[in-house]
Amino acid sequence: MKKITEQDKTFMREAIRLANESVERGGGPFGAVIVRNGEIIAGSANSVTLDIDPTAHAEVNTIRQACKKLGTFDLSDCVIYTSCEPCPMCLGAIYWAHIRCIYYGNDKADAAAIDFDDDFIYKELDKPMNKRSVPFIPLLHDEAIVTFRNWAAKPDKTEY
């Protein structure tokens, strides 16, 4: 396990500050910062209710800011400090951004204790598609697969 430094604590305190500020503004109690080479590149809070956007979680907002600032979708030279263990959506975004390390304050049990319970999503993901609470209905696969074939054959694509 990586040794926690005073600088790590400083970055986490900034994520927590952003979370507290969000609560004061009427947003959700979550904040995050992305750091590269010892410098905060981006920081944001949850703005789901403020932006009327269910994807506006602190981690996603911060990833979007960092990518825009750095001009890349690859944040593999960055780490994220988040005031709470990421939900499944945010965890997916963190992995897609290739962020190399996640520091978190509260865990998912702490979030569940204040009615931010992501456990139902984890349970849904373990179910076969035909048993999930939201129907998954295959449609027009023969037409949709053409796009994938075009992508696979494209010699000048930007892979991610």
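Whatever comes next refers back to the structure up there.
Residues numbered from 1 in each chain as written. Predicted model: local features only at pLDDT ≥ 70, side-chain atom pairs only at ≥ 80, totals over all residues. Heavy atoms only, no water.

Undergrad: Help me get a handle on helix H1 (residues 6–25), residues and values and all.
TA: Relative to the 28 Å expected for 20 residues at 1.5 Å per residue, H1 spans 29 Å between its end C-alpha atoms, a close match to the ideal helical length. Among all positions of H1, only Asp8, Phe11, Met12, Ala15, Leu18, Ala19 and Ser22 are buried. An end-on view of H1 places all buried positions within 110° of arc, on one side of the element. Exposed positions of H1 whose direction lies more than 90 degrees from the buried face are Glu6, Arg13 and Glu24. The secondary structure elements touched by the buried residues of H1 are strand E1 (31–36), strand E2 (39–45), strand E3 (78–84) and strand E4 (102–106). The backbone nitrogen of glutamine 7 has a side-chain oxygen 3.3 Å away, supplied by the residue at the start of H1, namely threonine 5. Of the residues trailing H1, glycine 26 is marked for its positive phi of about 100°. (Helix = DSSP H or I, 4+ residues; strand = E, 2+ residues; numbered from the N terminus. Expected span 1.5 Å × (residues − 1). Buried < 20%, exposed > 50% of the residue type's maximum accessible area, 1.4 Å probe, protein only. Arc of directions from axis to C-beta. Contact = heavy atoms within 4.5 Å. Polar contact = N/O pair within 3.5 Å; in protein donor to acceptor, adjacent residues only side chain to side chain.)

Undergrad: Tell me what's going on with the nonpolar core, and back it up with residues and numbers.
TA: Generally speaking, nonpolar side chains in soluble globular proteins are found buried as a group. The biggest cluster of nonpolar side chains holds 17 residues, and the ones touching the most others in it are Ile34, Ile63, Ala66, Leu75, Ile80 and Ile99. Those elements that provide at least two residues to this core are E1, E2, helix H3 (58–70) and E3. When residues in this core are grouped by element, the largest group, 4 residues, is from H3. Each residue touching isoleucine 99, except ones within four places of it in the same chain, is listed here: Ile34, Ile63, Leu75, Cys78, Val79, Ile80 and Ile94. Membership of the second largest hydrophobic core comes to 10 residues, among which are Phe11, Ala15, Leu18 and Tyr81. (Core = buried A, V, L, I, M, F, W, Y, C linked by side-chain atoms within 4.5 Å.)

Undergrad: With reference to specific residues and values, describe the packing of H3 against helix H4 (residues 88–96).
TA: Their axes nearest at 8 Å, the elements H3 and H4 cross at an angle of 25°. Accordingly, the angle class assigned to the pair H3 and H4 is roughly parallel. For the pair H3 and H4, the sense of crossing is left-handed. Contacts from Glu59, Val60 and Ile63 of H3 reach H4 at Met89, Cys90, Ala93 and Ile94. The residue inventory of the contact of H3 with H4, partitioned by class, reads 6 nonpolar, no polar and 1 charged. (Axes fitted to C-alpha atoms, helices over the stretch in contact; angles between N-to-C directions. Parallel < 35°, antiparallel > 145°, perpendicular 65-115°, else oblique. Left-handed = near helix turned anticlockwise from the far one by under 90°. Nonpolar A, V, L, I, M, F, W, Y, C, P; charged D, E, K, R; others polar.)

Undergrad: Which residues make up unusual backbone geometry, and what values go with them?
TA: In this structure, asparagine 37 takes a positive phi of about 50° despite not being glycine. Inspection of the secondary structure assignment puts asparagine 37 in the loop between E1 and E2. Phi is positive for histidine 98, close to 65°, though the residue is something other than glycine. Mapped onto the elements of the fold, histidine 98 is located in the loop between H4 and E4.

Undergrad: Can you tell me about the sheet that holds E1, naming the residues and giving the values?
TA: The strand order across the open sheet formed by 4 strands is E2-E1-E3-E4, and the pairing between neighbours is mixed. Of all strands in the sheet, those bounded by a partner on one side alone are E2 and E4. Between one strand axis and the next, the sheet turns by 15° as a mean value, whatever way the strands run. Pairing analysis gives 5 bridges linking E1 to E3, with the strands arranged antiparallel. Each residue of the ladder has a partner; that of isoleucine 34, found in E3, is isoleucine 80. (Pairing = 2+ DSSP bridges.)

Undergrad: So, the pairing of E2: which residues are in play, and what are the values?
TA: In this structure, E1 lies alongside E2, joined through 6 bridges in antiparallel fashion. The residue of E2 that forms the bridge with valine 33 is glycine 43. Two successive antiparallel strands, E1 and E2, enclose a turn made up of 2 residues, where asparagine 37 displays a positive phi of approximately 50°.

Undergrad: Outline the side chain of glutamate 59, supporting the account with residue identities and numerical values.
TA: Looking at the element boundaries, glutamate 59 is found in helix H3. No salt bridge is formed by the buried glutamate 59, whose closest oppositely charged neighbour, arginine 64, lies at an N-O distance of 11 Å. Excluding anything up to four places from it in sequence, glutamate 59 contacts Ala32, Ile80, Thr82, Cys84, Pro86, Cys90 and Ile94. (Lys, Arg positive; Asp, Glu negative; His and termini not counted. Salt bridge = Lys/Arg side-chain N within 4 Å of Asp/Glu carboxyl O.)

Nothing here speaks to function; it is all geometry.
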